[in-house]
Amino acid sequence: DHASAALIAETLCVTEAPLRLDSQVKYGVIARGEAEIYLRLPNKEKKEGTLIDAAYVENIWDHAAGVVLIEEAGGRVSDMHGNPLDFSYGAKLEANRGVVASCSAPLHRQVIAAVQQHSSVPPAPARSKRGV
C-alpha cells in the first residue's frame, strides 16, 4: 500500500525516494548497508465502494533467503505486526501480513511502531498447520 508507506516514511523522516527493485535485491541492499528499511505492505482494494485489505499472502521463496541475509548482517525481519515470518505453513506465509525488514533492532522497533500507527491491517487469521 503506497499511501501507507508514504505516511510511514514521513513519520520516520525518510527523505530518500524508494528504490524500485526486486524484493531479493532489496534484502541484499539492506544487508550491504546501502539502505535501512524495506516495507512490503498489503495492498488495499475497493469492493462495492468500500476500501478493504487485500487477501494476498506472500510466497516464501520471495523472502526466505532475504531473511537470512538481513539477520546475518545484524538486521531484523518480521511481518507488519512485529511477528517473525513463519515459513512452516508451506509455500505461503499464511501466518503473516506484510513484511518489514530493517538494518537494526532499534530501527525495526521504530518502523513497526510507525506501521501500526498508519495501518489498519489486522494480523493474519490463525490457521492450522499441515501435517507431514
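Bear in mind that the values here come from a model prediction, so they are computed numbers and not experimental data.

Procedures and definitions
- Residues numbered from 1 in each chain as written.
- Predicted model: local features only at pLDDT ≥ 70, side-chain atom pairs only at ≥ 80, totals over all residues.
- Heavy atoms only, no water.
- Helix = DSSP H or I, 4+ residues; strand = E, 2+ residues; numbered from the N terminus.
- Buried < 20%, exposed > 50% of the residue type's maximum accessible area, 1.4 Å probe, protein only.
- Contact = heavy atoms within 4.5 Å.
- Areas by Shrake-Rupley, 256 points an atom, 1.4 Å probe, with all protein chains shown as cover.
- Pairing = 2+ DSSP bridges.
- Axes fitted to C-alpha atoms, helices over the stretch in contact; angles between N-to-C directions.
- Phe/Tyr/Trp six-rings, centres within 6.5 Å; stacked < 30°, edge-to-face > 60°.
- Polar contact = N/O pair within 3.5 Å; in protein donor to acceptor, adjacent residues only side chain to side chain.
- pLDDT = per-residue confidence, 0-100.

Examining the overall build of the chain
Argument step 1. Helix and strand counts for the chain come out as four helices and five strands.
Argument step 2. Along the chain, helices (α) and strands (β) appear in the sequence α-α-β-β-β-α-β-β-α when read from the amino end.
Argument step 3. Expressed as a percentage of the 132 residues in the chain, the buried residues total 35%.
Argument step 4. Of the contacts made within the chain by residues no fewer than 6 positions apart, 67% connect residues no fewer than 24 positions apart.
Argument step 5. On the chain, roughly 7,900 Å² of surface is accessible, and the fraction owed to carbon and sulfur atoms is 54%.

Remarks on the sheet that holds strand 5 (residues 99–102)
Argument step 1. Strands sit in the order 1-5-4 across an open sheet of three strands; the sheet is antiparallel. Looking at strand neighbours, the two that pair on one side only are strand 1 (37–40) and strand 4 (76–78), the edges of this open sheet. Each strand of the sheet is rotated relative to its neighbour by a mean of 5°, with strand direction disregarded.
Argument step 2. As paired elements, strand 1 and strand 5 share four bridges and run antiparallel to each other.

Description of the packing of aromatic side chains
Argument step 1. Scanning the model with the defined rule gives one aromatic pair in all.
Argument step 2. Consider the rings of Y27 and Y38, whose centres lie 5.2 Å apart with planes at 90°: the pair is edge-to-face. Highlighted residues: Y27 in helix 2 (residues 23–31) and Y38 in strand 1, separated in sequence by 11 residues. Each of the two residues, Y27 as well as Y38, counts as buried.

Examining the environment of N59
Argument step 1. Inspection of the secondary structure assignment puts N59 in the loop between strand 3 (50–53) and helix 3 (64–72).
Argument step 2. N59 gets classed as buried once you look at its relative accessible area, which sits at 11%.
Argument step 3. Separated by 34 residues in sequence, N59 and L93 place their C-alpha atoms 6.1 Å apart.
Argument step 4. With sequence-adjacent residues up to four places away left out, N59 is seen in contact with A91 and K92.
Argument step 5. Within the structure, the side chain of N59 is placed 2.8 Å from the side chain of K92, a separation counted as a polar contact.

Some details on the confidence of the model for the chain
Argument step 1. Per-residue pLDDT for the chain averages 86, and the proportion of residues at 70 or more is 86%.
Argument step 2. At the low end of the mean pLDDT range in the chain sits strand 3, at 52; at the high end sits strand 4, at 98.

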